[in-house]
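If you want the building blocks of each chain, they are given just below.
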Amino acid sequence: MDAALDTNTSGYKYTLSITRRFDHAPEKVWRAITEGELLKQWYPAEVVGDWIVGAKLEFVFPPEHSDGVTEDDLHGEVLAIDEQKLLEYRWGAHVMKFELQPDGAGCQFTLSESFNESAWGPRNAAGWEMCIENLDLVLEGAAVAKFAADVWRGKFDRYAQKFKDIVLSLIHI
């Protein structure tokens, strides 16, 4: 699993994307990204709201993960939904998109996040990689890994190096 950062269309400067193949049917992965009890096991915040286009969403962070969270980070809205294929919503100033494509007995899972500040690229790539690793554990019925700052830091450093040319090229435009 490896993240990509692209300069972008659709009104945002950057889109971060991570694709992973799961050995689980789209229906099972869909439940893990939309059902509260499963979602909160791997996702960085509890999501409160209905998965209906136009519905307001609230993001509730555990106290140990609430440092630096702004009021804007607590609110969102469902933008698009196609059962077991696509879920897209606004989370603060970011847009999140989850796409599922059947692939044999499993599926291709793609998480995309669009935003405007380059600093989010390595930070969120590292975090989403850890979240998706935990999603895999949830799908397998295993216990999720606790957040480990040193593991995140290693991933962050790798992505900061990987994305530096993209960020530097925009600075010089």
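Our subject in this report is the structure included herewith. Because the structure is predicted, anything quoted here is derived from the model rather than measured.

Further remarks concern the pairing of strand S5 (residues 75-82). For a regular strand, side chains alternate in direction, first toward one face of the sheet and then toward the other. Examined bridge by bridge, strand S4 (residues 56-60) and S5 share three bridges and lie antiparallel to one another. Note on S5: the bridge partner recorded for Lys 56 is Glu 77. In this sheet, strand S6 (residues 86-91) lies alongside S5 in antiparallel orientation, the contact comprising six bridges. Residue pairing for S6: Glu 77 is matched across the bridge by Arg 90. Here S5 folds back onto S6 in antiparallel fashion, the turn holding three residues, of which Gln 84 has a positive phi close to 65 degrees.

The phi dihedral of Gln 84 falls on the positive side, at around 65 degrees, and the residue is not glycine. You can see Gln 84 is positioned in the loop between S5 and S6.

A full pass over the atoms with the stated rule returns 11 salt bridges. We note a salt bridge from Glu 77 to Lys 56, for which the minimum N-O separation is 3.7 Å. Of this pair, Glu 77 sits in strand S5 while Lys 56 sits in strand S4; the two residues are 21 residues apart in sequence, bridging distant segments of the chain. Among the residues examined, Lys 56 registers a relative accessible area of 56% and is labelled exposed. Between Lys 155 and Glu 133 there is a salt bridge; the shortest N-O distance is 3.0 Å. Here Lys 155, found in helix H4 (residues 149-171), pairs with Glu 133, found in helix H3 (residues 120-140); they are 22 residues apart in sequence, far enough to count as distant. Among the residues examined, Lys 155 registers a relative accessible area of 11% and is labelled buried. A single salt-bridge network, built from bridges that share partners, covers Asp 2, Glu 129, Glu 133, Lys 155, Arg 158 and Lys 162.

Definitions and cut-offs
Residues numbered from 1 in each chain as written. Predicted model: local features only at pLDDT ≥ 70, side-chain atom pairs only at ≥ 80, totals over all residues. Heavy atoms only, no water. Pairing = 2+ DSSP bridges. Helix = DSSP H or I, 4+ residues; strand = E, 2+ residues; numbered from the N terminus. Salt bridge = Lys/Arg side-chain N within 4 Å of Asp/Glu carboxyl O. Buried < 20%, exposed > 50% of the residue type's maximum accessible area, 1.4 Å probe, protein only.

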